[in-house]
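In case you want the letters, here they are:
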2 protein chains.
Amino acid sequence: MNMNYKLTLQYDGTDFHGWQMQDGRRTVQGELARVLSLLDGRKVSVHGSGRTDAGVHAEAQVASAQLEREFEPEKLCAAINGNLERDVRVIRAEIAPEDFHARYSARGKTYLYRIINARVVSPFWIRYAHNEARELELERMREAACVFLGEHDWTAFSAAQTDTQTRVRCVTELEIDAVWDERGQGKLFELKISANGFLRYMVRSIAGALLAVGRGELDGEMISHALETGERSKLIVTAPACGLTLLRVPYD
Amino acid sequence: MNMNYKLTLQYDGTDFHGWQMQDGRRTVQGELARVLSLLDGRKVSVHGSGRTDAGVHAEAQVASAQLEREFEPEKLCAAINGNLERDVRVIRAEIAPEDFHARYSARGKTYLYRIINARVVSPFWIRYAHNEARELELERMREAACVFLGEHDWTAFSAAQTDTQTRVRCVTELEIDAVWDERGQGKLFELKISANGFLRYMVRSIAGALLAVGRGELDGEMISHALETGERSKLIVTAPACGLTLLRVPYD
């Protein structure tokens, strides 16, 4: 009988074409499937909690896979990592219940969007944060952020194309913090956002809208209007992938 | 009359062949000289506070250069950065006294050496820290670190080849801290070391020795012996460049 494994992964998304397997391109799912197939001696399917786009990072992405061979979790972890490049790591392997599925069992997700608000950006941030040179007003952004909370149809804040049946999702947390970046170049803004699920480009569209709010170009009312009508304003730009990190995926 | 400028630089050393200009290779000094020559319309010489090896980073390297044209410091900063790739940034430009020289005016230097002490290393650390998988004993390292303090001849802890007249330097600070890395993979050790000057490979040799101490292979007495005799033990290995960051260069 197959064993079901839950794998928790970290990756620096800079040099990946995203999560989802694609022919001839280096993807996280592709790398993981290659290594698990090698270890299990047959073609292994890997399920992720969700796709991350090219350039998006993960502190704790979750994947599940059924293996024919039985592995002691810690040894599985070491065996996988020994066959991966260092920009992706399995940080934990666990034996999971038979019906555990990284995507369908997930109760939601938490993402972090990082912005360096400065004219000069530290070289140590360029892979992990988006740069905004114009000054951002934190209080304006915090007020507008409230509008996103709760259940909405996210048509105006997601990719035009979708394979999901409904665009209704519930945002349960949206916190914005700004701290002086110790590298001394300006402020680091961190947008933490949790929902029961996300559509493609949803976090980056919310981040893009909040950037426009912070610059004084957009306000909460305009965001409400976009949410209600499903019409995307030209002021809502999908923020760059490099600023985005999948922080955690909660399960029961 | 020429104007003398003091430039403070940050760089991610991963994709540089170090500080010092070399034909056909991308170096920090080379990049900076190229851009300053472009802006000043003539060949400009750039002096650094010291060389950093390939792969070594800087939070605040200092350079000086004489320019024929007069630039408002903030505009000079923007003009230089506009012509550099994003892994190196001038974070401050200042008009300096005529006799200011980044190397000869420096009162010393402070370096940081980062070690991730864990079996699995977060992909977010691989560019900026050395990995040690065997457990390091902090207290042993702290005790042995005291031996390095003060004035010594560093022959056993530097490159065999040197162009300096004396190998005597005074280490004024050597602090070791270990914190649980928030990415949850293990401990982050930080070795902070200040001296009135450093020889080539000196910090990395000290870090290599302290790693051996932390693993229980070397002790303070063996370090004392190496310092006194100038004979390098085989247990003292030059620690990898990626863990090293030039933190600051103090001037009067």
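How each quantity is defined
Every chain is numbered independently, its residues counted from 1 as its sequence is written. Note on labels: chains are lettered from A, ligands numbered from 1, in written order. With the structure being a predicted model, the display of local features is reserved for residues of pLDDT at least 70 and the display and counting of side-chain atom pairs for 80 or more, all residues being used for whole-chain, interface and lining totals. The side-chain figures draw on all heavy atoms in the structure; neither hydrogens nor water molecules are used. In this analysis, two residues are considered to be in contact whenever any of their non-hydrogen atoms come within 4.5 Å of each other. Two parts placed together each lose some accessible area under a 1.4 Å probe, and the buried area is that loss summed for both. Any Lys or Arg side-chain nitrogen located within 4 Å of an Asp or Glu carboxyl oxygen qualifies as a salt bridge. The secondary structure listing takes helices from DSSP runs of H or I that are at least 4 residues long and strands from runs of E that are at least 2 residues long, numbered from the N terminus. Here the term charged refers only to Asp, Glu, Lys and Arg, the term nonpolar to Ala, Val, Leu, Ile, Met, Phe, Trp, Tyr, Cys and Pro, and the term polar to all other amino acids, Gly among them. Fitted lines through C-alpha atoms serve as axes, helices being fitted only where they are in contact, and the angles separating the N-to-C directions of these axes extend from 0 to 180 degrees. Roughly parallel means an angle under 35 degrees; roughly antiparallel, over 145; roughly perpendicular, 65 to 115; everything else is oblique. Rotating anticlockwise by less than a right angle from the far helix to the near helix defines a left-handed crossing, while the corresponding clockwise rotation defines a right-handed one. Annotation comment: domain bounds sourced from an automatic or database domain assignment. Each aromatic pair joins two rings of Phe, Tyr and Trp (for Trp, the six-membered one) with centres within 6.5 Å, and gets the label stacked for planes under 30 degrees apart, edge-to-face for over 60, and tilted for any other angle. Partly exposed describes any residue whose relative accessible area lies between the buried limit of under 20% and the exposed limit of over 50%, with all areas from a 1.4 Å probe on protein chains only and scaled to the type maximum. Only when the NZ atom of a Lys or the CZ atom of an Arg is both within 6 Å of the ring centre and within 35 degrees of the ring normal do we say a charge sits over the ring.

Comments concerning the interface of chain B and chain A
So, point 1. Taken together, the contacts link 26 residues of chain B with 26 residues of chain A.
So, point 2. Of all residues in chain B, the largest losses of buried area upon contact with chain A belong to Arg86, Pro123 and Phe124 of chain B, amounting jointly to 29% of the total for that side.
So, point 3. Of the charged contacts, one joins glutamate 74 of chain B and arginine 119 of chain A as a salt bridge, the two residues approaching to 2.6 Å between their closest N and O atoms.
So, point 4. For the side of chain B that touches chain A, the secondary structure elements donating two or more residues are β1 (3-11), β3 (57-67), α2 (73-82) and β4 (88-95) of chain B.
So, point 5. Residues belonging to the side of chain B that touches chain A are distributed by class as follows: eleven nonpolar, five polar and ten charged.

Observations regarding the packing of helix α1 (residues 28-40) of chain A against helix α2 (residues 73-82) of chain A
Residue and element names in this part refer to chain A.
So, point 1. Where α1 contacts α2, the two axes come as close as 9 Å, and the packing angle between them is 120°. Overall, the two elements α1 and α2 adopt an arrangement that is oblique. In this structure, α1 meets α2 at a crossing whose hand is right-handed. Seen from α1, the contacting residues are Leu32, Val35, Leu36 and Leu39; seen from α2, they are Leu76, Ala79 and Ile80.
So, point 2. Here the contact of α1 with α2 is composed, by residue class, of seven nonpolar, no polar and no charged.

Quick look at the domain arrangement of chain A
All names here are of chain A.
So, point 1. The domain architecture assigned to chain A consists of domain 1 (3-95) and domain 2 (109-248).
So, point 2. Distance from the C-alpha centre of domain 1 to the C-alpha centre of domain 2: 28 Å.
So, point 3. Residue-level contacts link 16 residues of domain 1 with 16 residues of domain 2.
So, point 4. Of the roughly 1200 Å² buried where domain 1 meets domain 2, counting both sides, 46% is carbon and sulfur surface.
So, point 5. Looking only at domain 1, the three residues that lose the most surface to domain 2 are Asp53, His57 and Glu59, adding up to 40% of its buried area.
So, point 6. Where domain 1 touches domain 2, the interface holds four salt bridges.
So, point 7. Note that arginine 204 is salt-bridged to aspartate 53, the shortest N-O span being 3.2 Å.

Remarks on the packing of aromatic side chains
Residues and elements named next belong to chain A.
So, point 1. A complete count under the given rule lists 16 aromatic pairs over all chains for this structure.
So, point 2. Judged by centre distance (5.9 Å) and plane angle (15°), the ring pair of phenylalanine 148 and tryptophan 154 falls under stacked. The burial state of phenylalanine 148 is the same as that of tryptophan 154; both residues are buried.
So, point 3. By way of ring pairs, the aromatic residues Tyr11, Phe16 and Trp19 are connected into one cluster.
So, point 4. When the ring centre of phenylalanine 16 is taken as reference, the NZ or CZ atom of arginine 26 above it lies at 3.9 Å.

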